[in-house]
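Descriptive structure summary
Chain by chain, the residues:
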Amino acid sequence: MKVTIISDIPLSRKNGTAVAAANLIESLRAKGHEVRVVCPDKDKKGKEGYYVAETRSFGPFDGYVKKNDVALAKADDDILYSAIDGADIVHCMMPFSLSRRAADIARALGIPVSAGFHCQAENVTNHLGLMNSKALNKAIYRRFYRVLYGKCDCVHYPTVFIKDEFESSVKKSTRGYVISNGVDEAFFKGERKARTDGKFVILCTGRYSREKDQSVLIDAVKKSAHEKDIQLVFAGAGPMEGALRRRAEGLTNAPVFGFFTREELTDVIHSADLYVHTAKVEIEAISCLEAICGGLVPVIADSEKSATRAFAMGGHNLFRPSDSADLAEKIDFFMENPYEKEKCALLYKGFAAGLAKSRCMDEMENMFAETVLENKHAAYGIPVTENSQRAAVLGYTDGGGR
């Protein structure tokens with residue numbers, strides 16, 4: 001297949017959507033597909049298969065945008081036509097200008113369009129200080145549907161949670177595929193590493209931003225009966241780092257802040273004792289899944305706007321969102337009951353088995369192939385039959401390629 005992937009955000013960004021896009025590109029190319037990528041990464045200029053768009057200006061808000069590490073590509077018809085013309089399918093990563101224009105161009109050329117759902121309404125309204133406005137969040141979702149998802153042949157949802165959330169808001173159903181973004185196989189490998197410093201290490205991974213709410217973990221450790229024994233590690237980057245560092249002043253052990261490579265993060269996971277996921281807004285939280293696949297027991301914010309709470313195996317794996325006292329109680333439980341923590345870890349081993357990235361990327365490939373084939377059948381008035389028969393018509397195989 002010839003697949004054009006549209007990414008409104010830089011692939012170099014340190015967030016889940018950029019990682020998901022990079023994984024998809026790498027997987028499809030490894031399977032022999034031709035992948036064209038439109039993105040705003042200046043370091044990709046001149047590289048084969050990449051079409052680099054300019055970054056949008058937000059006028060007087062450019063300072064705020066830069067501070068919050070928000071970068072979006074500007075739609076460019078010439079670049080988009082070059083990348084889309086002759087493709088079998090166009091896949092959009094975000095519901096913003098570049099992807100919206102790409103979808104319109106693709107449909108004008110008779111090329112099927114798919115889109116990933118990687119942006120919650122709250123990710124937008126958070127910047128307006130209105131994250132809890134139900135009316136505004138619904139309005140955002142309706143706009144997303146109108147400008148992109150309603151025009152797509154199929155939509156990729158990382159979780160059932162976000163599919164239900166979106167469809168209930170727009171009061172329309174979509175042809176959706178629920179497929180996890182997947183966890184890199186590196187996180188499944190390696191042995192637990194015993195620490196020699198006596199510290200109980202708690203890992204929290206994610207962008208430093210308001211909706212991720214890492215401050216509740218700092219406050220919880222301050223309230224813990226074992227505060228002196230706890231070492232916090234915040235793996236990530238983002239605009240709230242300064243505020244978090246100030247909030248952590250007074251802790252016996254200063255937290256570790258920083259962005260880790262995949263290899264470094266696997267080492268941290270294998271030497272940590274507990275994972276805490278504080279985010280109140282989350283579509284899937286691959287970071288939490290990575291920790292689970294690496295053998296850690298999670299304690300997760302029980303937020304109605306987060307798919308991650310579905311990963312909880314029991315009450316001790318959940319805490320009330322933004323409630324530092326409740327989180328402190330859950331942390332102390334696992335510190336004081338190591339046997340319970342080990343039992344919980346065994347339960348999570350089975351949970352992690354179906355999350356391997358390779359398996360999820362196979363499902364994404366199948367989603368593209370089915371959509372391409374059904375589009376071709378529709379064009380020629382051929383009825384759709386079984387998947388295997390559809391695949392045989394144009395020579396698609398389980399291994400990918402054509």
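Residues numbered from 1 in each chain as written. Predicted model: local features only at pLDDT ≥ 70, side-chain atom pairs only at ≥ 80, totals over all residues. Heavy atoms only, no water.

Here's the deal with the overall build of the chain
Across its full length, the chain carries 15 helices and 13 strands. In the chain, which comprises 402 residues, the proportion classed as buried is 55%. A separation of at least 24 residues holds for 68% of the contacts in the chain among residues at least 6 apart in sequence. When the accessible surface of the chain is split by element, carbon and sulfur atoms take 51% of a total near 17700 Å². (Helix = DSSP H or I, 4+ residues; strand = E, 2+ residues; numbered from the N terminus. Buried < 20%, exposed > 50% of the residue type's maximum accessible area, 1.4 Å probe, protein only. Contact = heavy atoms within 4.5 Å. Areas by Shrake-Rupley, 256 points an atom, 1.4 Å probe, with all protein chains shown as cover.)

Thoughts on the confidence of the model for the chain
Low-pLDDT stretches of the model should not have their predicted coordinates read in fine detail. Summarising the model, the chain shows a mean pLDDT of 89, and 90% of its residues fall at 70 or more. Here residues 388-402 is a poorly scored stretch, pLDDT under 50, and it has 32 contacts once near neighbours within four places are set aside; other chains count. (pLDDT = per-residue confidence, 0-100.)

Considerations on the side chain of Thr 174
In this fold, Thr 174 is placed in the loop between helix 7 (160-170) and strand 7 (176-178). In this structure Thr 174 comes out as buried when scored by relative accessible area, which is 15%. One polar contact links Thr 174 to Tyr 157, side chain to side chain, over a distance of 2.7 Å. Residues contacting Thr 174, with those up to four places away along its chain left out, are Tyr 145, Val 155, Tyr 157, Lys 163, Phe 166 and Glu 167. (Polar contact = N/O pair within 3.5 Å; in protein donor to acceptor, adjacent residues only side chain to side chain.)

Some thoughts on the sheet that holds strand 13 (residues 318-319)
The parallel open sheet is built from six strands, whose spatial order is 10-9-8-11-12-13. Two strands in the sheet have a free side with no partner beyond their single neighbour: strand 10 (256-258) and strand 13. Where strand 8 (residues 200-205) and strand 11 (residues 274-277) come together, two bridges link them in parallel fashion. Residue pairing for strand 11: Ile 202 is matched across the bridge by Leu 274. With respect to the sheet, helix 10 (residues 262-271) is in contact with strand 8 and strand 9 (230-235), its orientation differing from that of strand 8 by roughly 140°. (Pairing = 2+ DSSP bridges. Axes fitted to C-alpha atoms, helices over the stretch in contact; angles between N-to-C directions.)

Brief notes about the pattern of salt bridges
Enumeration over the complete set of coordinates arrives at 21 salt bridges. With a shortest N-O distance of 3.0 Å, Arg 36 and Glu 34 are connected by a salt bridge. Using a relative accessible area of 37% as the deciding quantity, one classes Glu 34 as partly exposed. Across the pair Arg 101 and Asp 77 runs a salt bridge, and its minimum N-O distance is 2.8 Å. Pair noted here: Arg 101 is in helix 4 (residues 97-108) and Asp 77 is in helix 3 (residues 77-84), with a separation of 24 residues, a long-range link. Classification of Arg 101 by relative accessible area gives partly exposed; the value is 31%. Among the residues examined, Asp 77 registers a relative accessible area of 30% and is labelled partly exposed. When salt bridges with common partners are traced through the structure, they connect Arg 320, Asp 323, Asp 326 and Lys 330 into a single cluster. (Salt bridge = Lys/Arg side-chain N within 4 Å of Asp/Glu carboxyl O.)

What about the nonpolar core?
Residues Phe 117, Phe 144 and Phe 368 are the most contacted members of the largest nonpolar core, which totals 66 residues. If one sorts the elements of this core by residue count, helix 14 (residues 357-380) sits on top with seven residues. The residues touching Phe 368, leaving out its near neighbours within four places in the chain, are Met 1, Val 3, Leu 24, Leu 28, Ile 89, His 91 and Ser 114. Formed by 56 residues, the second largest nonpolar core is a distinct cluster that contains Leu 203, Leu 289, Ala 301 and Phe 311. (Core = buried A, V, L, I, M, F, W, Y, C linked by side-chain atoms within 4.5 Å.)

Brief notes about the packing of helix 8 (residues 215-223) against helix 12 (residues 324-336)
Taken N-terminus to C-terminus, the directions of helix 8 and helix 12 make an angle of 65°; their axes are 8 Å apart at the nearest point. Here helix 8 runs over helix 12; the crossing is right-handed. The residues of helix 12 that touch helix 8, namely those facing Val 216, Leu 217, Asp 219, Ala 220 and Lys 223, are Ser 324, Ala 325, Leu 327, Ala 328 and Ile 331. Residue composition of the contact of helix 8 with helix 12, grouped by class: seven nonpolar, one polar and two charged. (Left-handed = near helix turned anticlockwise from the far one by under 90°. Nonpolar A, V, L, I, M, F, W, Y, C, P; charged D, E, K, R; others polar.)

Details of a positive patch on the surface
A surface patch of like charges, here positive, comprises Lys 134, Lys 138, Arg 142 and Lys 171. If you trace the backbone, Lys 138 turns up in helix 6 (residues 134-147). (Patch = residues over 30% accessible without salt bridge, like charges linked within 9 Å, V, L, I, M, F, W, Y side chains within 5 Å. Lys, Arg positive; Asp, Glu negative; His and termini not counted. Charge placed at Lys NZ, Arg CZ, Asp CG, Glu CD.)

A word on helix 12
With 13 residues, helix 12 ought to run about 18 Å at 1.5 Å a step, and its terminal C-alpha atoms sit 18 Å apart, in line with that. Counting buried positions along helix 12 gives 10 out of 13 residues, so the element sits mostly inside the fold. All buried positions along helix 12 are accounted for by Ser 324, Asp 326, Leu 327, Ala 328, Lys 330, Ile 331, Asp 332, Phe 333, Phe 334 and Met 335. Capping the start of helix 12, Asp 323 holds a side-chain oxygen 3.2 Å from the backbone nitrogen of Ala 325, two or three residues further along. (Expected span 1.5 Å × (residues − 1).)

Let's talk about the packing of aromatic side chains
In the structure shown here, the tally under the stated rule is 13 aromatic pairs. Centroid distance Tyr 157 to Phe 166: 6.5 Å. Interplanar angle 45°. Geometry classified as tilted. Each member of the pair, Tyr 157 as well as Phe 166, carries the same accessibility label: buried. For the pair Phe 234 and Phe 257, a centre-to-centre distance of 5.1 Å together with 15° between the ring planes defines the contact as stacked. Within this pair, whereas Phe 234 is found in strand 9, its partner Phe 257 is found in strand 10, the two being separated by 23 residues in sequence. Each member of the pair, Phe 234 as well as Phe 257, carries the same accessibility label: buried. By the ring-pair criterion, three or more aromatic residues cluster together here, those being Phe 96, Phe 117, Tyr 141, Phe 144, Tyr 145, Tyr 149, Tyr 157 and Phe 166. When the ring centre of Tyr 50 is taken as origin, the NZ or CZ atom of Lys 44, which lies over that ring, is 5.1 Å away. (Phe/Tyr/Trp six-rings, centres within 6.5 Å; stacked < 30°, edge-to-face > 60°. Lys NZ or Arg CZ within 6 Å of the ring centre and 35° of its normal.)

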